[in-house]
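Structural overview
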Amino acid sequence: MAQSTVDPAHPKAEPIEREPAEATTLHVLRRMAVRFRPYRWHTAGSLLLILVTVGLSTAAPLLLQRVIDDAVPNHDTTLLAVLCGLMMALGLSASLLAVAETALTNWTGQRVSARLRVDVYDRARAQPLRFYSEQGQSQIQSRLISDIDGIDRFLTSTVHQALSALVSLVAAGVAMVILSWPLALVSMALATLLSLFNNRFAKRRRRLFRQRQRLLTTVLRYVAEDLSLSGVLLGRTLRRTGRQRDRFVEVAEDIRDVTFRQRMAGMSAYTVIGVSFACVPPLIFWAYGTFTSAASVGAVVVLVMLQTRLSQPIQSLLRLSGSVQASVAMFERVLEYLDMEAHEEDPAPVRRRTGGPAEVRLRDVSCHYPGASKPALAGVDLDFPAGSVTVITGHTGSGKSTLGLVLAGLLSPDAGSVRIDGRSGRLRSEATLIPQHTALLHGTLRDNLLFARGGITQAELDRALGTVQLSPLIAALRNGWDTSIGENGLQLSGGERQRLGVARTLLADYRMLIVDEATSALDHHTADRVNTALREHCRDKTLVLIAHRLPRMEPQDRVVVLDRGCVAERGTHAMLSVSGGAYASLLAAQHQIEPTRPGPSHRGPNHREPKLPLPLPLT
Ligand SMILES: Nc1ncnc2c1ncn2[C@@H]1O[C@H](COP(=O)(O)OP(=O)(O)OP(=O)(O)O)[C@@H](O)[C@H]1O
């Protein structure tokens, strides 16, 4: 395997995945068999068709024997015609039944694997947020795509081959026991010995297969990182495309080596098995020639033929055990996901909200990310009265986004209580969050906005886009609303992406809106206009603005300053801006960086600005 120095920026393949304790093959197969329970009659039908098809192909040589022994020597043309007709009918029936069996097996197998894919998707979707940051997309993708594809092949092809081989084995075994039980015994003993030997290699192949799947996951990760627009920019701007290529070559070589070892582990076993069975016919000739002077040539030929008929399914079963081990490795990876507890269930879809703004209370809330040395939030007590506007600010890493996630019901605190309208547990269906990084769908502008909820009208779309100042964009596009925006909106500017994300959330149903730095990519002027429109839009909602760069403030706006996960200051803007504390310092610092931004108040023509000793309009 290729050796390389470790680059901290590019750790070796998938360090996150732990090697799980290996379950027994039988246990894993039994768990997968349970998934066939709803299709037990279809599975029984497939089995029956296999039995009949194999039975028909076993009958063909018997007819041939009658042709050779009776019809041809006795010049019995009628018998010859009947036998040949029967042979053709058998061949035709066997082919038709094989088609029916393939259709039924695939019908069942596809349903089982589709259900499995959906179950894995659902289970992956129901995990707490840290699962996605720990696992990474490639881990999830490889399970949903390559592992389930492998399982699908197993269910539709390997199982079919194994069952056919098993039925042929039983048929040939019965015939051989009738004709020569000692030879049947010798063949079975040899098969048992070889399967024990094969088992040793099977375990090794399974381990190597798991290793290969992990490396393929790494390929997925590298492709996503290096061959995405951001990855290409990263490589080119830092002139590290060579390093990106090196690590890809490294993992490609690792896959080459592991695959080679996996295949050779199989080959060694197959060679021993093949040689062992090849030795049996000469041994039979030798034994009969040496010890049984009365043996006829015909008897020896029949026994050798039977032995071959018996050895073929045994060999294919032993060979198939390699595919079974690979499939078991994939089953195990999929079962790891299915065995995860479902933490997050989607709240029931809600109709348009009429409940008015939400009131939220946090008491002694603490959050500690796994592996972090300090809590992200520690003993936070906060009130968000119904209809209030609260700005959460603080230095970078002070816990603002974490608090936003808690308020949106996306992160469960380790301690403390979060209550909405005096009750707990309904935040996910009442509050919504516009996150720092907008996620957009690979579709059109319209697709992205319609995702917010069902039944959105064109007038609502126009209004939402107007609110975020994006109407001119639509007007300038040849395909207007039906313009494709590329993967994650990469055909839009950063500011356009953010505003599209905001517009989409505005179309959703909620009673509390948390906006986490959603205008950070906009120029001051546009950010002001979007923030003003946001406030206007949220008049009948509770609004929380998480902001590093403070937006235009109202005197009565509530302010929370976080510092290292704790509430350092709280109060109204009017109060804190003159108190000489942390908030006042933040204001002063921002004031130095940004010159005063004049602008109209969003409160409309009848609104009178209170006379306060404030640095208003605030920037
Ligand atoms: N998924 C995570 N796993 C571990 N630690 C995390 C995770 N997310 C955040 N943290 C840590 O928690 C602390 C608070 O992070 P948070 O993102 O809430 O801060 P923030 O105030 O929003 O920062 P910023 O202004 O830079 O966005 C930080 O020390 C951060 O490193």
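Residues numbered from 1 in each chain as written. Predicted model: local features only at pLDDT ≥ 70, side-chain atom pairs only at ≥ 80, totals over all residues.

With that settled, the discussion passes to the overall build of the protein. Scanning the protein from N- to C-terminus turns up 18 helices and 10 strands. Here the protein, with 619 residues, has 32% of them falling under the buried criterion. (Helix = DSSP H or I, 4+ residues; strand = E, 2+ residues; numbered from the N terminus. Buried ≥ 20, exposed ≤ 12 C-beta atoms within 10 Å, placed from the backbone.)

Further remarks concern the sheet that holds strand S2 (residues 377-384). Pairing in this open sheet of 4 strands is antiparallel, and the strands run S2-S1-S4-S5 from one edge to the other. The strands lining the two open edges of the sheet, one partner per strand, are S2 and strand S5 (423-424). Packing of helix H10 (residues 400-407) onto the sheet brings it into contact with strand S1 (360-367), S2 and strand S4 (415-420), and relative to S1 it is tilted by some 125°. (Pairing = 2+ DSSP bridges. Contact = placed C-beta atoms within 7 Å. Axes fitted to C-alpha atoms, helices over the stretch in contact; angles between N-to-C directions.)

This next bit is on the domain arrangement of the protein. The domain boundaries assigned to the protein delineate domain 1 (25-338) and domain 2 (360-593). Each of domain 1 and domain 2 has a C-alpha centre, and these two points are 54 Å apart. (Domains from an automatic or database assignment.)

Moving on, we come to the environment of Val-365. Considering the arrangement of structural elements, one finds Val-365 in strand S1. Spatially, the C-alpha atoms of Val-365 and Gly-45 are 58 Å apart, while their sequence positions differ by 320 residues. Dropping the residues within four chain positions of it, Val-365 is found in contact with Leu-377, Val-380, Val-406, Pro-413, Gly-416 and Val-418.

Quick look at the site of the ligand now. Taken together, the neighbourhood of the ligand is formed by 14 residues, with Tyr-369, Ala-376, Thr-396, Ser-401 and Thr-402 sitting nearest. Where the shell around the ligand is concerned, the elements lending two or more residues are helix H4 (129-135) and H10. In terms of residue count, H10 provides more of the shell around the ligand than any other element does, 3 residues in total. Class assignment of the residues belonging to the shell around the ligand gives a composition of 3 nonpolar, 9 polar and 2 charged. (Near = placed C-beta within 6 Å. Nonpolar A, V, L, I, M, F, W, Y, C, P; charged D, E, K, R; others polar.)

The subject of this paragraph is the confidence of the model for the protein. With 85% of its residues at a pLDDT of 70 or more, the protein shows a mean pLDDT of 81. Within the model, the stretch residues 1-19 combines pLDDT values under 50 with 23 contacts to residues more than four positions away or in other chains. (pLDDT = per-residue confidence, 0-100.)

With that settled, consider the UniProt feature "domain: ABC transporter" (unreviewed entry) in the protein. Taking the UniProt record as the reference, the feature "domain: ABC transporter" (unreviewed entry) is found at residues 360-589. End C-alpha atoms of residues 360-589 are separated by 31 Å, and the span's content is 32% helix alongside 25% strand. (UniProt positions renumbered as here; feature names shortened; annotations may be inferred.)

The next thing to look at is unusual backbone geometry. What you tend to see is this: most non-glycine residues have negative phi, and most peptide bonds are trans. The phi torsion at Gln-469 lies on the positive side, around 60°, for a residue other than glycine. With respect to the secondary-structure elements, Gln-469 resides in the loop between helix H13 (458-467) and helix H14 (471-476). The backbone phi angle of Glu-517 is positive, close to 50°, even though this residue is not glycine. Within the fold, Glu-517 resides in the loop between strand S7 (512-516) and helix H16 (524-537). Assessed through the 19 C-beta atoms surrounding it within 10 Å, Glu-517 is described here as partly exposed.

This part takes up the nonpolar core. Among the nonpolar cores identified, the biggest contains 65 residues, and Val-406, Leu-407, Ala-431, Ala-503, Ile-514, Val-515 and Val-544 are the most heavily contacted of them. Ala-202, Tyr-222, Leu-318 and Phe-331 belong to the second-largest nonpolar core, a separate cluster that totals 40 residues. (Core = buried A, V, L, I, M, F, W, Y, C linked by C-beta atoms within 7 Å.)

What follows deals with the sheet that holds strand S8 (residues 542-546). Ordered in space as S6-S7-S8-S3-S9-S10, the 6 strands form an open sheet in which the pairing is mixed. Whereas interior strands pair on both sides, the edge strands pair on one side only; in this sheet they are strand S6 (431-434) and strand S10 (566-572). On average, adjacent strands in this sheet sit at an angle of 15° to one another, irrespective of strand direction. Sheet topology note: the S6/S7 ladder contains 4 bridges and is parallel. Each bridged residue has a counterpart across the sheet, and for Thr-432 the counterpart in S7 is Leu-513.

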